[in-house]
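Next come the chains, spelled out residue by residue.
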Amino acid sequence: SQTIHQWPATLVQPVGSPLSLECTVEGTSNPNLYWYRQAAGRGLQLLFYSVGIGQISSEVPQNLSASRPQDRQFILSSKKLLLSDSGFYLCACGQGSPRNIQYFGAGTRLSVL
Amino acid sequence: AQSVTQLDSQVPVFEEAPVELRCNYSSSVSVYLFWYVQYPNQGLQLLLKYLSGSTLVKGINGFEAEFNKSQTSFHLRKPSVHISDTAEYFCAVSDQFKAAGNKLTFGGGTRVLVKP
């Protein structure tokens with residue numbers, strides 16, 4: 001079965017600083033990968049998904065970007081963080097049959113101050 | 001487009017009492033259905049899923065859910081809750097046939113607080 005690693009677990013960053021969150025997956029190949037954000041007291045918002053290396057689809061316009069440089073690596077980035085980027089960021093992996101079954105990492109808590 | 005409505009944002013319940021979390025969805029095509037649980041400051045854990053077959057689905061930790069196609073519902077139940085069931089629960093739906101991204105649409109979540 002797959003294991004999804006996210007780091008760091010927590011991060012405190014000043015407004016205007018860059019961001020890089022990493023997600024790596026073990027135990028599977030050619031997965032679909034997803035980035036979600038969970039703002040305080042709110043549900044899950046899908047930010048990006050990827051069905052293969054270098055293939056990124058954005059779900060909402062925002063201050064963030066994503067990249068997939070390797071099959072099992074998914075990176076969420078920002079050049080300049082905003083206060084509104086604070087939240088809990090979750091990486092998920094969809095694989096097997098059907099691929100709609102998603103498994104989640106432990107998340108990264110980002111506070112932008 | 002699909003949508004998921006979780007009718008209760010919070011459900012307080014006493015320990016060893018039964019609980020039902022309601023989920024209704026809207027979709028023009030056949031769907032897969034999921035329930036996830038999120039404990040504080042953790043990721044989401046898959047509780048159970050409906051893909052096909054029997055409409056009564058059993059999951060982990062004693063939870064079960066019933067798919068009702070005519071009512072477009074997928075309610076989650078547990079006959080006797082424990083303190084450790086205190087968490088947020090998310091219902092999700094996915095299009096069975098749309099290949100692009102195999103995305104999930106989530107409901108807003110239901111917070112369950114189990115009281116001693």
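Conventions we followed
Residues numbered from 1 in each chain as written. Chains lettered and ligands numbered in written order. Predicted model: local features only at pLDDT ≥ 70, side-chain atom pairs only at ≥ 80, totals over all residues. Heavy atoms only, no water. Contact = heavy atoms within 4.5 Å. Buried area = accessible area lost by both parts, 1.4 Å probe. Salt bridge = Lys/Arg side-chain N within 4 Å of Asp/Glu carboxyl O. Polar contact = N/O pair within 3.5 Å; in protein donor to acceptor, adjacent residues only side chain to side chain. Helix = DSSP H or I, 4+ residues; strand = E, 2+ residues; numbered from the N terminus. Nonpolar A, V, L, I, M, F, W, Y, C, P; charged D, E, K, R; others polar. Buried < 20%, exposed > 50% of the residue type's maximum accessible area, 1.4 Å probe, protein only.

A. Seen up close, the interface of chain A and chain B. Contact with chain A, which involves 23 residues of that partner, is made by 22 residues of chain B. Taking both partners together, chain A and chain B bury about 1,700 Å²; carbon and sulfur atoms supply 58% of that area. By the criterion of area lost to chain B, the three top residues of chain A are A:Leu44, A:Asn100 and A:Phe104, representing 31% of everything that side buries. The interface formed by chain A and chain B includes one salt bridge. We note a salt bridge from B:Lys103 to A:Glu59, for which the minimum N-O separation is 3.3 Å. Run the count over chain A and chain B and you get eight residue pairs in polar contact (both at pLDDT 80 or more). When residues of the side of chain A that touches chain B are traced back to their parent elements, those giving at least two are strand S4 (32-38), strand S5 (44-52), strand S9 (87-94) and strand S10 (102-104) of chain A. Of the residues in the side of chain A that touches chain B, the class split is 13 nonpolar, seven polar and three charged.

B. Main features of the environment of B:Phe34. Residue placement: B:Phe34 occurs in strand S5 (residues 31-38). Using a relative accessible area of 0% as the deciding quantity, one classes B:Phe34 as buried. C-alpha separation for the pair B:Phe34 and B:Phe90, spaced 56 residues apart in sequence, amounts to 8.2 Å. Leave out the neighbours within four places in its chain, and B:Phe34 touches A:Asn100, A:Ile101, B:Leu46, B:Leu48, B:Lys49, B:Phe74, B:Phe90, B:Cys91, B:Ala92, B:Ser94 and B:Leu104.

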